[in-house]
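Observations on the three-dimensional arrangement
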Amino acid sequence: MNLKLKDEKAQSMVEFAIIFPILLLILVGIIEFGFMFSGYLTLSNASREAARSISLGAGDVAAVQKVKDSAANLDKTHIVVTINPVEAIRKQGDLVTLTITYDYDFLTPFMEKIFGNNFILKTETTMRVE
C-alpha cells in the first residue's frame, strides 16, 4: 500500500514538471499583454490630447511635446509623431490627423523570439481645426 502512494506522488510531480513551463508561458504572456495594452492606451490618450491642442490652434512642436508629456511612462526615444497636414498649410476647418507610432520593447526576452524584435503600437486621431 505504501509503495502505491509513493508512485502516485512521483507521477504527480512528473505531470507538474511537464505542465509548468506551459503555465509559466501563459502567465508571462498575460502580464506582457497587460503592459503592452497599457502602453497602447497611453498612446491613444496622448494622441487625443495632442490632436485637441492642435485643433485649438497649437503648433506642431507644442503638439509633439504634449504627446511626450502625456506618455510619461513610455520611452520617449521610441515615440514617432506625424502630423498631417503640417502647420504651414493648415487652416481653419481642415481635418488634422495626428499619428503616433511606438516601437514596443518586450519585458521578457523569449517574447521577442515569438513575436520578433519590432512590435509597433500605432494610434491615430483626426480632428477638425477650429
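This text goes with the structure placed above it.
Criteria and thresholds
Residues numbered from 1 in each chain as written. Predicted model: local features only at pLDDT ≥ 70, side-chain atom pairs only at ≥ 80, totals over all residues. Heavy atoms only, no water. Helix = DSSP H or I, 4+ residues; strand = E, 2+ residues; numbered from the N terminus. Buried < 20%, exposed > 50% of the residue type's maximum accessible area, 1.4 Å probe, protein only. Contact = heavy atoms within 4.5 Å. Areas by Shrake-Rupley, 256 points an atom, 1.4 Å probe, with all protein chains shown as cover. Lys, Arg positive; Asp, Glu negative; His and termini not counted. Charge placed at Lys NZ, Arg CZ, Asp CG, Glu CD. Core = buried A, V, L, I, M, F, W, Y, C linked by side-chain atoms within 4.5 Å. Phe/Tyr/Trp six-rings, centres within 6.5 Å; stacked < 30°, edge-to-face > 60°. Pairing = 2+ DSSP bridges. Axes fitted to C-alpha atoms, helices over the stretch in contact; angles between N-to-C directions.

**With respect to the overall build of the protein**
Counting secondary structure elements, the protein contains three helices and three strands. Along the chain direction, N to C, the helices and strands of the protein fall in the order α-α-β-β-α-β. Principal-axis analysis of the C-alpha atoms gives the protein an extent of 85 × 20 × 20 Å. Looking at the protein as a whole, 31% of its 130 residues are labelled buried. The long-range share in the protein, meaning contacts at least 24 apart out of those at least 6 apart in sequence, stands at 61%. As displayed, the protein has an accessible area near 8700 Å², and 63% of this comes from carbon and sulfur atoms. Distance between charge centres in the protein, computed from 13 positive and 15 negative side chains, equals 3 Å.

**What about the nonpolar core?**
One finds V67, I79, V81, I83, L98, I100 and Y102 to be the most contacted residues of the largest nonpolar core, which totals 22 residues. Of the residues forming this core, the biggest block, six residues, is contributed by helix α1 (residues 2–55). If sequence neighbours within four positions are ignored, I100 has contacts with L43, A46, S47, V67, I79, V80, V81, L121, K122 and T123.

**Considerations on the packing of aromatic side chains**
Summed over all chains, the structure comprises four aromatic pairs. Consider the rings of F16 and F20, whose centres lie 5.4 Å apart with planes at 40 degrees: the pair is tilted. One end of the pair, F16, and the other, F20, are both in helix α1, four residues apart, so they sit about a helical turn from each other. Counting every residue linked through ring pairs, the aromatic cluster contains Y104, F106 and F119.

**A word on the pairing of strand β2 (residues 95–104)**
Most of β2 sits out of view: seven of its ten residues are buried. Strand direction decides the pairing type here: strand β1 (residues 79–84) and β2, joined by six bridges, are antiparallel. Within β2, the position partnered with I83 by the bridge is L98. Sheet topology note: the β2/strand β3 (residues 119–128) ladder contains ten bridges and is antiparallel. Its bridge partner being in β3, Y102 is matched across the sheet by L121.

**Brief notes about the sheet that holds β3**
Think of a sheet as strands paired side by side through backbone hydrogen bonds, with each pair either parallel or antiparallel. Read from one edge to the other, the open sheet built from three strands follows the order β1-β2-β3, with strand pairing classed as antiparallel. Each of the sheet's edge strands pairs with one partner strand only, and the pair in question is β1 and β3. On average, adjacent strands in this sheet sit at an angle of 15 degrees to one another, irrespective of strand direction. Contacting β1 and β2, helix α2 (residues 60–70) runs over the sheet at an angle of about 145 degrees to β1.

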